[in-house]
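# Examining the three-dimensional arrangement
The lines below spell out each chain.
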Amino acid sequence: MIKGKSLKRMNESFLGKKNKEMVVGTFIANARGFGFVEVEGRDEDIFIPEEYVHGAFHSDTVEVELLPESTGKRQEGRVRNVLVRGMDEVVGTYQGEKNFGFVIPDNGRIQSDIFIPIEHHGKAVTGDKVVVKITDYGNALERKKPEGKVKEVIGNINDPGVDIMSIVKGYDIPSEFPEKVINQANRCPDQISEADMFGRTDLRDVQMVTIDGEDAKDLDDAVSLSIDEKGLYHLGVHIADVTNYVQENSALDREAHKRGTSVYLVDRVIPMLPHRLSNGICSLNHGEDRLALSCLMTIDKSGVIVDHDIVESVINVNERMSYTSVAKILEDEDPEEIEKYEELVPMFKDMAQLSALLRKKREDKGAIDFDFPETKIILDPAGNPIEILPRQRNTATKLIEDFMLAANETVAEHFYYLQSPFVYRIHEQPDPEKISTLSAFVSNFGHHIKSRKDVGVKPKELQKLLKQIEGSKEEAVICRMTLRSMMQAKYSTECTGHFGLAFDYYCHFTSPIRRYPDLQIHRIIKDHLRGRMNAEKASHYEEILDEVAKHSSETERRAEEAERETDKLKKAQYMEQHIGERFEGIVSGVTAWGLFVELDNSCEGMIRAASMNDDFYVYDEDHMKLVGESTHKEYVLGQKVMIKVLGADRITRTIDFRIVDENDYDEDYEYGYDPDDFVVYSDARKVAENRANKVRKIIERAEKEPERKSEEKLTEYKGKKIDLKKIDIDPRTGEPKPKKKKSDRKVYKVHKYKKSATSKAARSAQGKKKKRK
């Protein structure tokens, strides 16, 4: 046991002597062991070398000592104290031993496996995905690993849906509603009453429709349109009045605030509100009376909104339309669809005209429209990706987009001039340095961006650039670079405008079923309409809205990241079926360590420069391209290349490519062997691969474990013997359930990279060229 002065001396040798310059911030871990600390008000993060992390976990609030000397460009520091732990739960893969177990975390930022004492393993068995509650964060000084106890068994790693649910749990996204919330939702009526309609504007005789995707169930917006004798358009955007059923500070409201947004993943939707509300009384189902907030706009022939009114209303939707049906009517002039919706066709044609007017008006103001292709991943019942289809952006989707933007802008401007507490959707001016980099890049293609130091760049300048490159070979590359130069949109109580849309006023008003800020501003709108917005109410909103805006922005980011990770997982799984095949792709990213190539199906893979054995490639940062030292061959953003799929791995969620000659044919490939199929891993990738290999071994071990004897398969449930060969016990409820049929699919297809003599020679050649350089 080390005591007194000895411990103090040991601490000093470990931490170093304390100096006076200390800051507090959030620790951002890196999979390779080092990290950064974000400090509020400080432009640059502080770099924390691996030896100075001192047991800090990702997202911990830490006290950092600034070091007087730094080895790199960035200020360096060492963690002195962990003030607040940022995470107390970890998702990972469980491996059981005789007297203990451990969990390999899914989150690559967590450096160490979590030790699980035998008494805390719950019902987890080797190969299960689990949620672990951290009971001890370990001790870097004593080289003690963190400990935990299994809080929840998500399911076996091979079971359908467990991979997605592991990501959901890893991002701490609530997936089940508490009993209190469900009970409150169940008490909501199925139909609206006469009392609900009292004092509202009755719009049930107005012809209106909902237009959504075929599989949408939560319909929160309807549209109506008529033209008067003066040629003025009367556009109605009618939004479900969710606040009538979700009272402020109720269990439903607190849960909606906690979730912040509905999360749309590849195989499921995690709603902000229970289905009883989102698909029931709050959904604007056709033929049923519904409560709404309606934004009624009068628009002239040039697309200018000359008048508006915002009212509480009662509506009844005439028809539930899909984007496909409306596009068939407007684009294809399909006779069957036109006959089917004969009464609505004149309104759809008027809507298309108005949509074009509103779009032109936005374009004239300088709105930037990034029309990147989107895809939808189709899964089979077992959760395997079988197809990746493009999402069509047609006349109908644009029409709804234009009408929603008009309503959001109108509502935001209305309440800005009322000087009311409010939640705006803002998109700030791009960072001048990023615009400067973009300007230098596009100048290589003969384009120019005007920018002033005092006001920065105007959206019209970027819009003009995108119009100039339309249809050119550099269009994809410049579009991507322009998008990367933009700031992220967020929620705020300050109305600073929306740069990308070229709007001075903008908010999110149109989706209260799936976004909390919309729900919150509906309350503010109704308080104004009902004359309840007094000084006390205004003070209440001013007190809570900053937190609502901040939390809503954070939950939106969380949802986007979870969606991105599930897409990467399923795309890697999809490409596992295409290893060895060739595809044409476009260079979507160029870095010092290699190329990113995106295929037509939106799957993106990496080609490491060290694996390109025809030359030694140097990164030209100014022009963002790789240039061959001997051949002078170039690879630039947007360039078409032919690739071969070398490997795909759903555990690391990565895909590896190799550039091939379009006309080459490998005889070796016919026999499943190609000497050039090798990947040189980066340090970060090596860490991920090591972790993935641990998981693969757990899977193999779980599959090989001998079956227990039949007598061991019996257990007792409520006084009766249950045969565990035929019945499973649900680890969440403890209740028996029928055993799932064993799938014969191979869940983890592990590609073995060939380490051939040729590949070694290629790596050796790369090394020699580096030395010559």
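Residues numbered from 1 in each chain as written. Predicted model: local features only at pLDDT ≥ 70, side-chain atom pairs only at ≥ 80, totals over all residues. Heavy atoms only, no water.

Burial of strand β7 (residues 100-105) is extensive: five of the six residues sit out of reach of the surface. In terms of strand pairing, strand β6 (residues 89-96) meets β7 through five bridges, oriented antiparallel. Pairing of Tyr94 across the sheet is with Val103, part of β7. (Buried < 20%, exposed > 50% of the residue type's maximum accessible area, 1.4 Å probe, protein only. Helix = DSSP H or I, 4+ residues; strand = E, 2+ residues; numbered from the N terminus. Pairing = 2+ DSSP bridges.)

Backbone phi values are negative for most residues with the exception of glycine, while trans is the configuration of most peptide bonds. Positive phi values are uncommon outside glycine, yet Gln419 reaches one of about 55 degrees. Given a relative accessible area of 72%, Gln419 falls into the exposed group. Positive phi is not limited to glycine here, since His632 has a value of about 60 degrees. Assignment of secondary structure puts His632 in the loop between β28 (625-628) and β29 (634-636). Classification of His632 as exposed rests on a relative accessible area of 57%.

Time to look at helix α2 (residues 162-170). Three- or four-residue spacings in an α-helix give side chains the same orientation, since the helix completes a turn every 3.6 residues. Where burial is concerned, most of α2 is hidden: seven out of the nine residues are buried. Tucked inside the fold, the buried residues of α2 contact β6, β9 (128-136), β10 (147-156), β16 (269-270) and α15 (535-575). In the segment just after α2, Asp172 is the residue with positive phi, at about 55 degrees. (Contact = heavy atoms within 4.5 Å.)

As a further point, take the sheet that holds strand β5 (residues 77-84). Pairing in this open sheet of five strands is antiparallel, and the strands run β3-β2-β1-β4-β5 from one edge to the other. The sheet is open, and its two borders are formed by β3 (46-48) and β5, each paired with just one other strand. In this sheet, neighbouring strand axes are inclined to one another by 40 degrees on average, regardless of whether the strands run parallel or antiparallel. Here three bridges tie strand β2 (residues 35-38) to β3, and the two strands are oriented antiparallel to one another. The partner of Gly35 across the bridge, within β3, is Ile48. (Axes fitted to C-alpha atoms, helices over the stretch in contact; angles between N-to-C directions.)

On to a negative patch on the surface. Together, Glu336, Glu339, Glu342 and Glu343 make up a negatively charged patch on the protein surface. Take Glu336: it is sitting in helix α8 (residues 335-340). (Patch = residues over 30% accessible without salt bridge, like charges linked within 9 Å, V, L, I, M, F, W, Y side chains within 5 Å. Areas by Shrake-Rupley, 256 points an atom, 1.4 Å probe, with all protein chains shown as cover. Salt bridge = Lys/Arg side-chain N within 4 Å of Asp/Glu carboxyl O. Lys, Arg positive; Asp, Glu negative; His and termini not counted. Charge placed at Lys NZ, Arg CZ, Asp CG, Glu CD.)

Our next topic: the environment of Phe36. Among the structural elements, Phe36 can be located in strand β2. Spatially, the C-alpha atoms of Phe36 and Thr26 are 8.2 Å apart, while their sequence positions differ by 10 residues. Residues within four places of Phe36 in sequence aside, it is in contact with Thr26, Phe27, Ile28, Asp45, Ile46, Phe47, Ile48 and Arg74.

Low pLDDT means the predicted coordinates in that region are not meant to be read closely. Taken as a whole, the protein shows an average pLDDT of 86; of its residues, 86% reach a score of 70 or greater. Element-level pLDDT for the protein is lowest in helix α18 (residues 757-772), with a mean of 41, against a maximum mean of 98 in strand β14 (residues 233-240). Across residues 741-773 the pLDDT falls below 50, and counting only partners more than four positions away or on other chains, this stretch makes 61 contacts in the model. (pLDDT = per-residue confidence, 0-100.)

What follows concerns the packing of aromatic side chains. For the structure shown, the criterion picks out 13 aromatic pairs. For the ring pair Tyr416 and Tyr417, a centre distance of 5.4 Å and an interplane angle of 80 degrees mean the geometry is edge-to-face. With a relative accessible area of 36%, Tyr416 lands in the partly exposed category. Judged by its relative accessible area of 55%, Tyr417 is exposed. Taken together, Phe34, Phe36 and Phe47 form an aromatic cluster joined through their ring pairs. Cation over ring: Arg78 sits above Tyr52, and NZ or CZ is 4.6 Å from the ring centre. Positioned above the aromatic ring of Tyr137 is the side chain of Arg85, whose terminal nitrogen or guanidinium carbon lies 4.1 Å from the ring centre. (Phe/Tyr/Trp six-rings, centres within 6.5 Å; stacked < 30°, edge-to-face > 60°. Lys NZ or Arg CZ within 6 Å of the ring centre and 35° of its normal.)

Glancing now at the sheet that holds β28. The three strands lie next to each other as β27-β28-β29, forming an open sheet whose pairing is antiparallel. Both outer strands of the open sheet, β27 (617-620) and β29, are each paired with one neighbouring strand and no more. On average, each strand axis in the sheet is inclined to that of its neighbour by 20 degrees, with strand direction left out of account. Strand direction decides the pairing type here: β28 and β29, joined by three bridges, are antiparallel. When the sheet's bridge partners are listed, Val627 is paired in β29 with Glu634.

A few words on the side chain of Asn601. Looking at where Asn601 falls in the secondary structure, it is placed in the loop between β25 (594-599) and β26 (604-608). Within the local environment of Asn601, its side chain forms a polar contact with the backbone nitrogen of Cys603, the two atoms lying 2.9 Å apart. (Polar contact = N/O pair within 3.5 Å; in protein donor to acceptor, adjacent residues only side chain to side chain.)

This paragraph deals with the environment of Ala352. Tracing the sequence through the fold places Ala352 in helix α9 (residues 345-365). For the pair Ala352 and Leu399, spaced 47 residues apart in the sequence, the C-alpha separation amounts to 6.5 Å. Ignoring any residue separated from it by four or fewer positions in sequence, one finds Ala352 in contact with Leu330 and Leu399.

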